[in-house]
Amino acid sequence: MSGVSLAILCTCRDTLKGTLHWRTIEQEIKARRPMTHVGYLPSLCLYEDLDRVKSLVEQERPRALLIGACSPFAKGRAVLDKLMTVCEASISVTLVDLREGCAWIHTGDPRGASAKAADIVCMGLAELEHRQSVRLERSAPEQRVLVVGAGPAGLAASEILARLGLEVVLAERLERPGGLLNQIGKLFPQNVSSEEFLGSLLKGIDHPATTFLPQTTVSRIDGDPGKFIAHLSRSGDEESLTVGAVILACGALPVFPEGLFRFRALAGVISQMELETKLKKLEADRTSPLEITSAVFIQCVAARDEVRPYCSTICCPTALKNALRLKTLKPDLVVTILHRGIMAPGKALEELYRHAMASGVFFHLYDPAEPPEVAGRERAESVSLIDALSGRRFVFTADLVVLSTPLKPRPGVAGLARDLGMRLDPMGFACGREPMQPLAAPVPGVYLCGAVRWPVPVHEAVDQGRAAAVKAAVFLNGGNTDRKAPGAGKAMVLSEACGGCGWCIAVCPYGACRRAEDGTSVISPLRCQGCGLCAAVCPSGAARLPERSSAALRAMVREIAQRSLP
Amino acid sequence: MTGSYSSSQSLTRERPVRAILFACRWCALLGADRAGRERLDLPASFRLIPVECAAGIEPDLVLRAFADGIDGVAVLGCHLGGCRYNEANRSARLRLFMVRDLLDIIGLDAGRLLLSWGTAHEGFQFVAQVRRFLHKLEALPVVDPDLLQQREKSYGR
Amino acid sequence: MVAEHRELIAQLLSEPGVHGILGLCLEKGVVGPHLFTNPADADRLVLEPKWPLAKTAFFLARSLQDGESIGLVCRGCDIRALIELEKAGQIRPGAVHFIGLECSAEQAAACLCETPYPPGVEPPEAVTVKPASVPLVLALTDKPGRLQLWRDHFQRCIKCYGCRNACPLCVCPSCKLEDDGYVTRGGVPPDPLAFHLIRAMHLADRCVGCGACQESCPAEVPLLALHLAARSALRNRTGYVSGTTEISPLLTAGREDKPRWEETW
């Protein structure tokens, strides 16, 4: 390998020469960096030209190759990716944007644009001089998955994983699986019995390679993708488990309408979950009649307000479903739903809504500025309302007032999410890589599904669980869908320069930076996402991104500053 | 626009403006790309350095750039709350605010360090911000010309 | 008061695990730092003048064995500096026992100090100084034309690294100020935007205002004004005060993982 750098500049079919004076640019590059060979090609995006690049590279044997082309968002990235496959790994390659970033934005100033183009090429070459690589040592991942939470999402995930031949450890906080499914009697939109549904899900975990651990919580997850170390506690005992991937399926909690609409102050004012329990009992034992004459549902209780400014999406379909169940138990029951907009998207839910209307359920829109008022002495007696559409005041008789509350994030999830490098959205729910990979966390091998990421109906939770399981299986099978642009890469710490202050550990969003035995920091390249926070806070420069270090950036700055000197 | 001064500016600079733009590759780089695609026009006095995330920009690097004689540094990142790296831009923002405060303490115009979060991901937004920034820098004197000259002398450059 | 302190250190020296007590010693008419190990020497302890001892204590503490500790008779700023070093994992918790002293009004004025007393002590009245009210500091940090003032000061810097060496918080094994990429090798005076502002940036959330830097500067560069101004700029933005167990906002910004509202039940 010679000491030259090769700069191949694409002339974009000769269209850029009005702004970029190639001869001047080449002269300047050679004056500042004599060991540079400059070559031109008309269109690198045509792969025939890439063959010519390959032969130029074989001829010159440069140690660094710079491609001056169009923006990475145009064809630049594709050209670079293709080049990386044909070039030897020992040559460092970079792409600089001379078109959108230079020629096309300074069309009125060819002299300035040409000077800038020379700077851009020199900056790229300076960067290449300082580029080093981080060796990624990949060992075979453990073929075992930890599923946290045995609700519908977790159960569905476990089933798929077992079918794909993987060992599953399903950790559940309570004594039995099912999560919220145990409290619900029927599922919308088809009014399926939740017991039957749960039964079919439970069959999925009846597998020799699946271990169900009830009354188990996960306190911490350390380690790296492929070899996570999960710390479990079961009835006071601590246990560590090494797994290759983790699926978070912890679900969410219903909000208790404490202090709202005279909940607990009057008998007969209950939450939607309490209604589910009542309905389950009544549907199982049809002999005891429903004693009430009128029921009023109030939607959006403790939701879509300042504290929780979101719609929990499932409360309206649940209210529709339960209103119809009440009507089925007692057809002459007067049922009214007071809402702020019925959330029933999709064909099935739209039909459910129409069915409810056709069955005689009344709907009234209210304005949150004038919420309904529940009245009564010891029992609920009536609900008064200003109808938002007509402006008229209604008073409904109500023996039963049902408050629909949203699902909120489980408090314990934040710590686990932090361990796994997931961020929480402003509502407190865990986030995946929005928007393209919503079920995958930034750290490879970590997935999330079900209500832990956002309130979902049971059938969607099941779909998500299955999707997460497939993603985990692909990961454990060695598939990595992570496309990282070259030149950013992972971080590392030079331990001889590290003073052990721990600031990199404090700022890393993904838990990739850890304290080694000798007090210095060490970074796990598998967790690292290359954001550079560690390098930015390190006082001694020990933490760095070798592929694009601060030394490289400083060299680039110097290329720019040198031009300023008289 | 480079090298021309409006008649209202009596300042003559020893050399043209040199500015560095750090653009995070998720938002701001997109704005730069769009500006180019739409053939919008800007003075050629800035150089763009794409970074993974604004959070990876060392404050010492910014200070070193000013020491090298760069007139202005702009950091264009994503919306607060929209950072791909879990709010890393909030961390960057506070750190870079500190650099601005330091510039201000010794009497340099804090506006030489522009911080912009999520307002440069469209072509026209990118152009408006950068044009305004460069215009401002044109009206400011060169950073530390005496010290620079001294340094050149001491190296025999 | 000095008698009480002499008794105190004599007492402490007899306790197990106490390797020694660092304080000021009067010997043959000269005052200097001394590691007292023998209770019989305790009557040589003096409490004046204000002498920055934090860095010496740091070096001593670093060489202690497990279970050993040292005592330190010192000022509030020394204690705050050692708390910062403990936060940064540089000394073991419990390695240093503090015996804190208050500073006089003159000493506080010389250091532009707002907290001339050990942490946790009731602030005595009329001793504190507001740096922003000192005309010299105002001229350097607030008035127009201050760039030229700073240039004149920085021109005198001879890059002796005295400020960095004396500072109790500057303990990095690999210092950026010695890295040619940040501070050009051979350049005297050093690029101030590089040398002094990089140091000010690194100390923005850690400087405890001990004044050791200014005291050690042979060129009388007003470093205290620079670092105190940087410190109060951070305080104005975030309310953060250095020298306590609170973690710096420069590390915690963006890492508040709580959802945006509290659980109500």
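Below is a short write-up of the structure. The structure presented is a predicted model; accordingly, all values stated were derived computationally and were not measured. (Residues numbered from 1 in each chain as written. Chains lettered and ligands numbered in written order. Predicted model: local features only at pLDDT ≥ 70, side-chain atom pairs only at ≥ 80, totals over all residues. Heavy atoms only, no water.)

**What about the overall build of chain A?**
Heads up, the condition is: Every helix listed is a DSSP run of H or I at least four residues long, and every strand listed is a run of E at least two residues long, numbered separately from the N terminus. We take the radius of gyration over the C-alpha atoms and set the globule estimate at 2.2 Å times the residue count to the 0.38 power. Each residue is placed in one exposure class: buried if its accessible area under a 1.4 Å probe, protein chains only, is under 20% of its type's maximum, exposed if it is over 50%, and partly exposed if it falls in between. The contact rule is simple, with two residues in contact once any of their heavy atoms fall within 4.5 Å. Residue burial considers only the protein chains on display, and all accessible areas are found by Shrake-Rupley using a 1.4 Å probe. Charge convention: Lys and Arg are scored as positive, Asp and Glu as negative, and His as well as the terminal groups of each chain are ignored. Where a charge lies is defined by one atom per residue type, namely NZ (Lys), CZ (Arg), CG (Asp) and CD (Glu).
The helix and strand tally for chain A stands at 14 helices and 28 strands. Its C-alpha radius of gyration of 31 Å places chain A more than 25% over the 24 Å reference for a compact globule of 566 residues. If you line up chain A on its principal axes, its C-alpha atoms span 95 × 60 × 45 Å. Considering chain A as a whole, with its 566 residues, one finds that 58% of them fall into the buried category. Taking the contacts inside chain A whose residues are at least 6 apart along the sequence as the reference set, 69% of them involve residues at least 24 apart. Total accessible area on chain A stands at roughly 23800 Å², and carbon and sulfur atoms take up 53% of it. Charge centroids of chain A, computed over 66 positive and 59 negative side chains, lie 3 Å from each other.

**A word on the overall build of chain B**
Assigned secondary structure in chain B consists of five helices and four strands. For chain B, the α and β elements follow one another from N to C terminus as β-α-β-α-β-α-β-α-α. The buried share among the 157 residues of chain B stands at 63%. Restricting to contacts in chain B with at least 6 residues of sequence separation, those with at least 24 account for 81%.

**Description of the pairing of strand β4 (residues 92-97) of chain A**
Along a regular strand, successive side chains alternate from one face of the sheet to the other. Residue and element names in this part refer to chain A. The condition that has to hold: For two strands to be treated as a pair, DSSP must find at least two bridges joining them. Place the viewer so that the strands point away; then a crossover is right-handed whenever the path from the first strand over the helix to the second strand goes clockwise.
Taking burial as the measure, the six residues of β4 include six buried ones, the bulk of the element. Across six bridges, strand β3 (residues 64-69) lies against β4 in parallel orientation. Considered in β4, the bridge of L66 is made with T94. One crossover worth recording links β3 to the parallel β4 by way of helix α3 (residues 72-86), and it is right-handed.

**Remarks on the interface of chain B and chain A**
Our working rule: We define buried area as the total accessible area lost by two parts upon association, computed with a 1.4 Å probe and summed across both. Here, a salt bridge means any Lys or Arg side-chain nitrogen found within 4 Å of an Asp or Glu carboxyl oxygen. Each polar contact in these results corresponds to two N or O atoms within 3.5 Å; when the atoms are within protein, one needs to be able to donate a hydrogen and the other to accept it, and residues that are neighboring in sequence are counted only if both atoms are side-chain atoms.
Opposite the 46 residues of chain B that make contact, chain A presents 44 residues. Where chain B abuts chain A, roughly 3800 Å² becomes buried across the two surfaces, and 60% of that area is made up of carbon and sulfur atoms. Here R47 of chain B makes a salt bridge to D119 of chain A, at a shortest N to O gap of 2.7 Å. Viewed at the interface, chain A and chain B are joined by eight residue pairs in polar contact (both at pLDDT 80 or more). At the level of elements, α1 (28-37), β2 (46-51), α2 (59-67) and α3 (88-106) of chain B are the ones that each hand at least two residues to the side of chain B that touches chain A. It is α1 of chain B that contributes the most residues to the side of chain B that touches chain A, seven residues altogether.

**Focus: the environment of S219 of chain A**
All names here are of chain A. Within the fold, S219 resides in strand β10 (residues 216-224). Separated by 197 residues in the primary sequence, S219 and L416 place their C-alpha atoms 7.3 Å from one another. Those residues within four positions of S219 in sequence are excluded, and the remaining contacts are H231, S233, E238 and D419.

**Digging into the sheet that holds strand β17 (residues 334-339) of chain A**
Residue and element names in this part refer to chain A. Threshold: Simply put, an axis is a line fit to the C-alpha atoms, just over the touching stretch for a helix, and the angle between two N-to-C directions goes from 0 to 180 degrees.
Strand order in this open sheet of five strands is β15-β22-β16-β17-β18, and the pairing throughout is parallel. Where the open sheet ends on each side, the last strands, each with one partner, are β15 (269-271) and β18 (362-365). Ignoring strand direction, the axes of neighbouring strands in this sheet form an average angle of 20°. The pairing of β15 with strand β22 (residues 400-403) spans three bridges and is parallel. Each residue of the ladder has a partner; that of V269, found in β22, is V401.

**Digging into the interface of chain C and chain A**
The condition that has to hold: Polarity classes work like this: nonpolar for Ala, Val, Leu, Ile, Met, Phe, Trp, Tyr, Cys and Pro, charged for Asp, Glu, Lys and Arg, and polar for all others, with Gly in that last group.
Residue-level contacts link 21 residues of chain C with 34 residues of chain A. For the pair chain C and chain A, the summed buried area comes to about 2300 Å², and 56% of that belongs to carbon and sulfur atoms. Connecting chain C to chain A are zero salt bridges. Our count for the chain C to chain A interface comes out at five residue pairs in polar contact (both at pLDDT 80 or more). Along the lines of polarity and charge, the residues of the side of chain C that touches chain A split into eight nonpolar, five polar and eight charged.

**Some points on the packing of aromatic side chains**
Put simply, the test is: Only the six-membered ring of Trp is used, alongside the rings of Phe and Tyr, when aromatic pairs are assigned; centres must lie within 6.5 Å, and planes under 30 degrees apart are stacked while those over 60 apart are edge-to-face, with the rest tilted. Our definition puts a charge over a ring when NZ of Lys or CZ of Arg is within 6 Å of the ring centre and also within 35 degrees of the ring normal.
Applying the stated criterion across every chain yields a total of 10 aromatic pairs over all chains. Ring geometry for Y310 of chain A and F429 of chain A: centres 5.6 Å apart, planes at 85°, overall edge-to-face. On the criterion of sequence distance, the pair formed by Y310 of chain A in the loop between β16 (294-298) and α8 (315-329) and F429 of chain A in the loop between α10 (413-419) and β24 (446-448) is long-range, its members being 119 residues apart. Between Y310 of chain A and W454 of chain A, the ring centres sit 5.2 Å apart and the planes meet at 55°, which makes this aromatic pair tilted. Pair noted here: Y310 of chain A is in the loop between β16 and α8 and W454 of chain A is in the loop between β24 and α11 (458-476), with a separation of 144 residues, a long-range link. On the accessibility criterion, W454 of chain A (25% relative accessible area) is partly exposed. Three or more aromatic residues joined by ring pairs form one cluster here, namely Y310, F429 and W454 of chain A. Here R554 of chain A stacks its cationic end above the ring of Y182 of chain C, 3.7 Å away from the centre of that ring. Between the NZ or CZ atom of R84 of chain B and the centre of the ring of Y85 of chain B, over which it lies, the distance is 5.5 Å.

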